[in-house]
Amino acid sequence: MLLGAGSFAADPAEFWENAEDVAVFQVTRVGNGWFSAVGSYVGFCILWLANFLTAIGRQGREPGTAVRGVLLGAAGFSVSCAAMAAGMLALLPEVIETEIPALVLAAHTAPALANLLSPAIFLGIYTAAVPLLWQVPSRFAAEGSAGYQCGVFLTAACGAVISLLVPFRTLVHAVYGVSGYIGAVLCIMVVRKEAVRFWRQIS
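Predicted model only: the values in this text are computed from it and were never measured. (Residues numbered from 1 in each chain as written. Predicted model: local features only at pLDDT ≥ 70, side-chain atom pairs only at ≥ 80, totals over all residues. Heavy atoms only, no water.)

1. Quick notes on the side chain of S40
Here's step 1: Tracing the backbone through its elements, the reader meets S40 in helix 3 (residues 34-58).
Here's step 2: Of the residues examined, S40 reaches a relative accessible area of 3% and is grouped as buried.
Here's step 3: Residues within four places of S40 in sequence aside, it is in contact with V30, Y176, G177, G180 and Y181. (Helix = DSSP H or I, 4+ residues; strand = E, 2+ residues; numbered from the N terminus. Buried < 20%, exposed > 50% of the residue type's maximum accessible area, 1.4 Å probe, protein only. Contact = heavy atoms within 4.5 Å.)

Below, the structure written as structure tokens:
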């Protein structure tokens, strides 16, 4: 949040200028507009973390804790995304061709900050990948079993090979796009199910 807000505050005039001319820049994007991009990203988050968060939710002792956690987590994450988007838009010509724009924002704010942010981004990718790595073998074998451990190894090996062979930007674009649209359909189905359940309760 501080990184994005700081980049925006350093030159807010560039933010508005780039916002007006954003269509001129050739940006890799999912969908044809902001609505489809938002839907894809929400679907991506739901699809990737649904199984993991469900497992955590089952361990909760009271629904209020889960509700507060979801609301606070979603609010904090949304504010962080908005701040980073504002910072990247303020430096759009500099970040548009980079694989990891956050590092450009950090270097623009303070060069030493980029060195601190690099391991943080690495750990962020790791913590995002672990739930996904956990989901695949857990569908086929009990956790801790030999089959589960073999599944974890094979899944990690496949992920490592693909990530080494495919450019980062291409990989992120493909994974976010496909996962996002599948997750958006899943989200619609969940909303429909909850709406039907609510209607039956009140009728």
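Anyway, onward from the coordinates.
2. Here's the deal with the environment of L2
Here's step 1: Following the sequence through the fold, L2 ends up in helix 1 (residues 2-10).
Here's step 2: For L2, a relative accessible area of 78% gives the class exposed.
Here's step 3: Residues L2 and S80, 78 residues apart in the sequence, show an inter-C-alpha distance of 8.5 Å.

3. Examining the state of the cysteines
Here's step 1: Taken as a whole and assessed by the stated rule, the structure comprises zero disulfides.
Here's step 2: Note on C158: no disulfide assigned, nearest cysteine sulfur contributed by C150 at a separation of 11 Å.
Here's step 3: We classify C158 as partly exposed; its relative accessible area is 48%.
Here's step 4: Just so you know, C187 is unpaired, no disulfide at all, and the nearest cysteine sulfur is the one on C45, 11 Å from it. (Disulfide = S-S within 2.5 Å.)

4. Regarding the packing of aromatic side chains
Between two aromatic rings, the relevant description is the distance of the centres plus the angle of the planes.
Here's step 1: In total, this model carries four aromatic pairs according to the counting rule given.
Here's step 2: Both rings, one in F8 and one in F15, keep their centres 5.0 Å apart while their planes meet at 90°; by these two values the pair is edge-to-face.
Here's step 3: Overall, the relative accessible area of 26% leaves F8 in the partly exposed class.
Here's step 4: Members of the aromatic cluster, each reached through a chain of ring pairs, are F8, F15 and W16. (Phe/Tyr/Trp six-rings, centres within 6.5 Å; stacked < 30°, edge-to-face > 60°.)

5. What to know about the environment of V161
Here's step 1: Along the polypeptide, V161 turns up in helix 8 (residues 146-165).
Here's step 2: On the accessibility criterion, V161 (45% relative accessible area) is partly exposed.
Here's step 3: As a C-alpha pair, V161 and L103 span 58 residues in sequence and 24 Å in three-dimensional space.

6. So, the confidence of the model for the protein chain
Here's step 1: In this model, the protein chain carries an average pLDDT of 81, and 97% of its residues clear a pLDDT of 70 or more.
Here's step 2: The lowest-confidence element of the protein chain is helix 3, averaging 76 in pLDDT; the highest-confidence one is helix 8, averaging 87. (pLDDT = per-residue confidence, 0-100.)

7. A closer look at a nonpolar patch on the surface
Here's step 1: Judged by side-chain polarity, W34, F35, V38 and V42 come together as a nonpolar surface patch covering roughly 490 Å² of accessible area.
Here's step 2: Inspection of the secondary structure assignment puts V38 in helix 3.
Here's step 3: Here V38 falls in the partly exposed class, since its relative accessible area comes to 45%. (Patch = residues over 30% accessible without salt bridge, like charges linked within 9 Å, V, L, I, M, F, W, Y side chains within 5 Å. Areas by Shrake-Rupley, 256 points an atom, 1.4 Å probe, with all protein chains shown as cover. Salt bridge = Lys/Arg side-chain N within 4 Å of Asp/Glu carboxyl O.)

8. Some details on the side chain of S179
Here's step 1: Structurally, the position occupied by S179 is in helix 9 (residues 168-202).
Here's step 2: S179 gets classed as buried once you look at its relative accessible area, which sits at 11%.
Here's step 3: Polar side-chain contacts of S179 include one of 2.9 Å to the backbone oxygen of V175.
Here's step 4: Sequence-distant contacts of S179, defined by excluding residues within four places in its chain, comprise G43, F44, L47 and W48. (Polar contact = N/O pair within 3.5 Å; in protein donor to acceptor, adjacent residues only side chain to side chain.)

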